[in-house]
Amino acid sequence: MNAPTGLADSVRASVVRIGAPPEGYDGSSDSGDGLGRDRGRRDWSSGGAGAGGRRRAFWGSGFFVAPGWVLTCAHVVGKGAAPIWRGERAIGITVGDGAQSAVLQGELAFGLPLPEDPQAPPSPWPFPDLALVRVPDAGDVDCLWLSDRSVLTPAAIGLYGWAPAVERGEQMFFTGLGKATGVLGRPLMLSGDELTEGCSGGPVLDQRRGTVLGVSKGTGRRPGTGLATPITALRKLCDAGPRGARVLHEVLSAHDRHHLARYYGFGHSWYRQHARLGPSGGEPAYGFTVDRRAELYALFADVEPPTGAGQVLQLANEARNMVLRLPYTLRDHDPRSWREGAGLLYDPRDAETGEQEPSPDLALEAVVLYAAKVTAALTRAGTARTARSVRALAELRAWVERTARTLLNDVIRAQVPSVLEGHRPASAARADVLVEIEPDIYGSGRHAWRVALVRSADKNELRSGDDGEDGDAEGAEREEFTVDQSREEVPRSQLEEAVRSALSQALDLCDVDDHLAAVEFLLPRALFDEPVDAWRARPYDPADPFNPHTLPLGQRRLVVVRDRSRRDHGFTPEYRTRAAAVLGGPMEAVPLRREVPVAGHDAPAPEGGQATYGRLMAAPPGAVPVYCARAGSGPGARAMAAALGAGHAVALWRHSLDGGHDHDDCAEFHEQAAALLSEVRSARQLPSHIRALRNRNADLTDDTGDTEGADGATGPDSTAIDPSAAWARHIVLLYDPPHRSSGDGPLREPPLMPRPPTALRSTS
């Protein structure tokens, strides 16, 4: 093992013991499981007693990542039960050793995932099993350095934490060595010295670089194995909602400011310790050296954060392109901070690209270009809101100009000024999101799913997204990149929750500069009435009802439905003819069920299936079937099957009304839909018109508790929704022009006997 000199002592100063506060809540349960094995070096320390000599419960380990911030596992603080999750200052943080130890009080700022019942926490705790604890009185502490890389393994590692000592109520410091392996988006697999009880929440360090790769989670089935949560899983705070994103930005900013201050000061500094390693620790004499990292990351900490992963990845890829490196794909990486973008350029450790780490001069060139592009993008956006961010943006520009003068490549150095002067959004990042739900082909009542990024295979083709001119030319070729897919099928009622994390991640990748990603739902016909326009990519926050990241998808974005069956059946000639006609316009309405506009759903002689097919087959090429009720079940489903068989690529219906007696505006719906279609010159504009109608019909009653208006319609502040748009309430748009896709959907096997859960023992 190539362990940095004095690494264990340096780590020890930052690793804390977590338990009940000195005079507070002790909602822990005795989870002693006797798992410890004396395989690593342990140093003895006392400090388990609280005020008055009472022994406090010991829950596990954690470590400082910034002044006032401790990172640990959710299952460690979860032992404090309900008071912890209410945000009470009910966590005891023991810092220091022996007579120098002190117990500070902390409060949970964010934990993932939340337990359904804090009094009966899950075991094992689901991934990512992370918690950030705010410790207000811990201002002058030693903090570990978090890796800025997206691909963390394979790596030789050090394991650290506190474990129960032989004497009851005492703890000893544990260190071990091992190896970490893993894949993106999954827990790290550990092998080597076995973690012992109490080490959950402790840091996993890259021994070569002295950086935190993960958080110890538990032991595995076999001796000498274990699991850890990768440090990149902190990105899931962004997926949990705007508050999580704010907490993550606050922590990372404080982390990078702290390490620059330590580097400039005297005494221990992780940057300085890394610099002493030289080439053995991956530290070049020239390039993106530790002093440059310290300065740049502290500047990134003070400017406005990126809008999403897509913006970071796009700018990093543009920089890689300028130094003649292949771009990363959207599915490979999910950077949520400016520092992670730089980490992709100087030290990628990316086995997927089949390349070695870039040379020091090439890495520095790429980082300088990336920092220049960040500066230009922020200047162009004009989002600097505080004096600190304005000053930091100016200092970031000065850093770029100063560092660019040291570049060895005259060609790259000459390009930096022009990059600083302007940033043009690149079309390659303009992807949209596809959510594919598999049909219930085995009758289990459950569905598999997949979330993917879709974009034109022509990298020069722009997809504006906001005005409907989205480049969906008939037969256009598209690329698909899977972001995530189901490991097991889920019931229909749980689809939104199951898809949410992957959907949020995909939208962050696609929302770049002025491009707001559209969402396509590729659904089996039985799910045509699923209210996907009301799904949310992040949990709703009552304190911030109009946060753009938590609004229903259909209110902010263009949301359309596509027919999953066509992926299997292929595109027929009549389908291509009709798609070309509606895309070119004009369009006209045709009733999906002939008798409904006049006689309603109780017509004595409803049209038969063959007659419906014949009528819709004979309709003009630009005809669009419209229907005032559900099209995923009952008579509407039979008529919709006929329409799709006749080649119709666009249709309108309402997902929350059946064919019974729950509405009496059948004629009005068909008339208004016909007027809309005649007003819109092409099907390409329909998604934006439908979004406008959804907003005029937005119902926040469930979120705000508002009561119904005088006419029964609801909305914010008890006011009625727009009466002129009430006909379009719960409207669905099938927008399904043909395209050729380079991606394949998931292949599924028939459901088998349930598999036993993976064995995981907590080391807390």
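## Observations regarding the overall build of the chain
Turning to step 1, where the next piece is worked out: A count of helical and extended segments in the chain gives 22 helices and 26 strands.
Turning to step 2, where the next piece is worked out: Expressed as a percentage of the 764 residues in the chain, the buried residues total 58%.
Turning to step 3, where the next piece is worked out: Approximately 30,600 Å² of the chain is accessible, and the part contributed by carbon and sulfur atoms is 52%.

## Some remarks on the nonpolar core
Turning to step 1, where the next piece is worked out: Ranked by internal contacts, the top residues of the largest apolar core, which has 118 residues, are I93 and Y370.
Turning to step 2, where the next piece is worked out: Per element, the largest residue contribution to this core is 13 residues, and it comes from helix α10 (residues 360–381).
Turning to step 3, where the next piece is worked out: Contact partners of Y370, with chain neighbours within four places excluded, come to F300, V312, L315, A316, A319, S337, W338, G341, A342 and L345.
Turning to step 4, where the next piece is worked out: V451, L495, C510 and A629 belong to the second largest nonpolar core, which has 74 residues in total.

## Here's the deal with the layout of surface pockets
To find leftover empty space, a probe the size of one water molecule is rolled over the atoms.
Turning to step 1, where the next piece is worked out: For the second largest pocket, the calculated volume is near 1,200 Å³.
Turning to step 2, where the next piece is worked out: If you trace the second largest pocket, you find 45 residues lining it, with P305, P306, T307, G308 and H549 closest to the centre.
Turning to step 3, where the next piece is worked out: Contributions of two or more residues to the lining of the second largest pocket are made by α5 (242–264), α7 (290–302), α9 (338–346) and α10.
Turning to step 4, where the next piece is worked out: Tallied by class, the residues present in the lining of the second largest pocket amount to 19 nonpolar, eleven polar and 15 charged.

## Let's talk about the packing of aromatic side chains
Turning to step 1, where the next piece is worked out: Using the criterion set out here, one finds twelve aromatic pairs in the structure.
Turning to step 2, where the next piece is worked out: Between W85 and W125, the ring centres sit 5.8 Å apart and the planes meet at 15°, which makes this aromatic pair stacked. Separated by 40 residues along the polypeptide, W85 in helix α3 (residues 82–85) and W125 in the loop between β6 (102–112) and β7 (130–134) bring together distant segments of the chain.
Turning to step 3, where the next piece is worked out: Judged by its relative accessible area of 5%, W125 falls in the buried class.
Turning to step 4, where the next piece is worked out: Ring plane angle 50° and centroid distance 5.3 Å describe the contact between F571 and Y575, whose orientation is recorded as tilted.
Turning to step 5, where the next piece is worked out: Taking relative accessible area as the criterion, F571 reaches 29% and is therefore assigned partly exposed.

## Some points on the side chain of R235
Turning to step 1, where the next piece is worked out: Structurally, R235 is set in the loop between β13 (225–230) and α4 (236–239).
Turning to step 2, where the next piece is worked out: Ignoring sequence-local partners within four residues, the contact set of R235 consists of S150, L248, D334, P335, R336 and E340.

## Thoughts on the environment of V183
Turning to step 1, where the next piece is worked out: By the element assignment, V183 lies in the loop between β9 (171–181) and β10 (188–192).
Turning to step 2, where the next piece is worked out: Separated by 29 residues in sequence, V183 and P154 have C-alpha atoms that sit 9.4 Å apart.

## What about helix α21 (residues 686–696)?
An α-helical turn contains 3.6 residues, so any two residues separated by three or four positions project in the same direction.
Turning to step 1, where the next piece is worked out: Three or more residues of α21 are buried, namely L686, P687, S688, I690, R691, L693 and R694.
Turning to step 2, where the next piece is worked out: On its buried face, α21 is in contact with α14 (553–556), β20 (559–563), β23 (650–654), α20 (666–679) and β24 (731–735).

## With respect to the pattern of salt bridges
Turning to step 1, where the next piece is worked out: Summed over the entire model, instances satisfying the criterion amount to 38 salt bridges.
Turning to step 2, where the next piece is worked out: A salt bridge links E88 to R86, with the nearest nitrogen and oxygen atoms 2.8 Å apart.
Turning to step 3, where the next piece is worked out: When its relative accessible area of 21% is taken as the criterion, E88 is described as partly exposed.
Turning to step 4, where the next piece is worked out: Judged by relative accessible area, R86 falls into the exposed class, the value being 54%.
Turning to step 5, where the next piece is worked out: Here D508 and R538 are joined by a salt bridge, their closest N and O atoms 2.7 Å apart. Here D508 is found in helix α13 (residues 495–510), whereas its partner R538 is found in the loop between β19 (519–523) and α14, with 30 residues between them in sequence.
Turning to step 6, where the next piece is worked out: Judged by its relative accessible area of 6%, D508 is buried.
Turning to step 7, where the next piece is worked out: Several salt bridges share partner residues, and in doing so they unite D239, D334, R336, D508 and R538 into one network.

## A short note on helix α11 (residues 387–404)
Turning to step 1, where the next piece is worked out: In a regular helix each residue adds 1.5 Å, so 18 residues correspond to 26 Å; α11 covers 26 Å between its end C-alpha atoms and thus fits that length.
Turning to step 2, where the next piece is worked out: Buried within α11 are the following residues: S389, A392, L393, L396, W399, V400, T403 and A404. Buried positions in α11, seen along its axis, are confined to an arc of 120° and lie on one side of it.
Turning to step 3, where the next piece is worked out: Of the surrounding elements, those touching the buried residues of α11 are α7, α10 and α12 (410–421).

## With respect to the packing of α9 against α10
Turning to step 1, where the next piece is worked out: One way to put it is that α9 packs onto α10 with a least axis distance of 8 Å and a crossing angle of 155°. One element, α9, and the other, α10, form an angle in the roughly antiparallel class. For α9 against α10, the interelement crossing comes out right-handed. Of α10, the residues touching α9 (which contributes W338, G341, A342, L345 and Y346) are A363, A366, V367, Y370, V374 and L378.
Turning to step 2, where the next piece is worked out: Residues that form the contact of α9 with α10 fall into these classes: ten nonpolar, one polar and no charged.

## Section: the environment of L677
Turning to step 1, where the next piece is worked out: Relative to the helices and strands, L677 is located in helix α20.
Turning to step 2, where the next piece is worked out: Every residue in contact with L677, bar those within four places of it in the chain, is listed here: M587, E588, A589, V624, V626, L652 and L686.

## Thoughts on the environment of E607
Turning to step 1, where the next piece is worked out: For E607, the position within the fold is in the loop between α17 (596–599) and α18 (609–618).
Turning to step 2, where the next piece is worked out: Through-space distance from the C-alpha of E607 to that of R593 is 7.0 Å; in sequence the pair is 14 residues apart.
Turning to step 3, where the next piece is worked out: Here E607 is in contact with R594, E595, T612 and R615, once residues within four sequence places are set aside.
Turning to step 4, where the next piece is worked out: Of note is the side chain of E607, whose polar atom sits 3.1 Å from the side chain of T612.

Rules and cut-offs
Throughout, a residue's number is its position along its own chain's written sequence, starting from 1. For a predicted model such as this one, the threshold for reporting local features is a pLDDT of at least 70, and the threshold for listing and counting side-chain atom pairs is 80 or more; totals across whole chains, interfaces and linings nevertheless cover every residue. Here the side-chain values reflect all heavy atoms present in the structure, with hydrogen atoms and water set aside. A run of H or I in DSSP becomes a helix once it reaches four residues, and a run of E becomes a strand once it reaches two; helices and strands are each numbered from the N terminus. The buried label applies to any residue whose accessible area, calculated with a 1.4 Å probe on protein chains only, is under 20% of its type's maximum; exposed applies above 50%, and partly exposed to all values in between. Accessibility throughout is a Shrake-Rupley quantity obtained with a 1.4 Å probe, and a residue counts as covered only by protein chains that appear here. Note on terminology: a nonpolar core comprises buried Ala, Val, Leu, Ile, Met, Phe, Trp, Tyr and Cys residues joined through side-chain atoms within 4.5 Å. Note on contacts: a residue pair qualifies if any of its non-hydrogen atoms lie within 4.5 Å across the two residues. With a 1 Å grid spanning the protein atoms alone, the term cavity applies to any set of points in which a 1.4 Å probe fits but cannot get out, the term pocket to an open set with protein on both sides within 12 Å along at least five of seven lines, and the term lining residue to any residue with an atom within 4 Å of a point. Grid points are joined across faces, edges and corners, and a volume is the space filled by probe spheres set on the points. Polarity classes work like this: nonpolar for Ala, Val, Leu, Ile, Met, Phe, Trp, Tyr, Cys and Pro, charged for Asp, Glu, Lys and Arg, and polar for all others, with Gly in that last group. Here a Phe, Tyr or Trp ring, Trp counted by its six-membered ring, pairs with any other such ring whose centre lies within 6.5 Å, and the pair is stacked when the planes are under 30 degrees apart, edge-to-face when over 60, and tilted otherwise. Definition used for salt bridges: Asp or Glu carboxyl oxygen within 4 Å of a side-chain nitrogen of Lys or Arg. Expected span of a helix: the number of residues minus one, times 1.5 Å. Throughout, the arc means that of the directions going from the helix axis to the C-beta atoms. Here, axes are lines fitted to C-alpha atoms. For helices the fit covers the stretch in contact, and angles between N-to-C directions go from 0 to 180 degrees. Note that the term roughly parallel is reserved for angles under 35 degrees, roughly antiparallel for angles over 145, roughly perpendicular for angles of 65 to 115, and oblique for everything else. If you view the pair so one helix is near and one far, a crossing is left-handed when the near helix is turned anticlockwise from the far one by less than a right angle, and right-handed when it is turned clockwise. The definition of a polar contact used here is a pair of N or O atoms within 3.5 Å, where within protein one atom must be able to donate a hydrogen and the other to accept one, and adjacent residues in sequence count solely through side-chain atom pairs.

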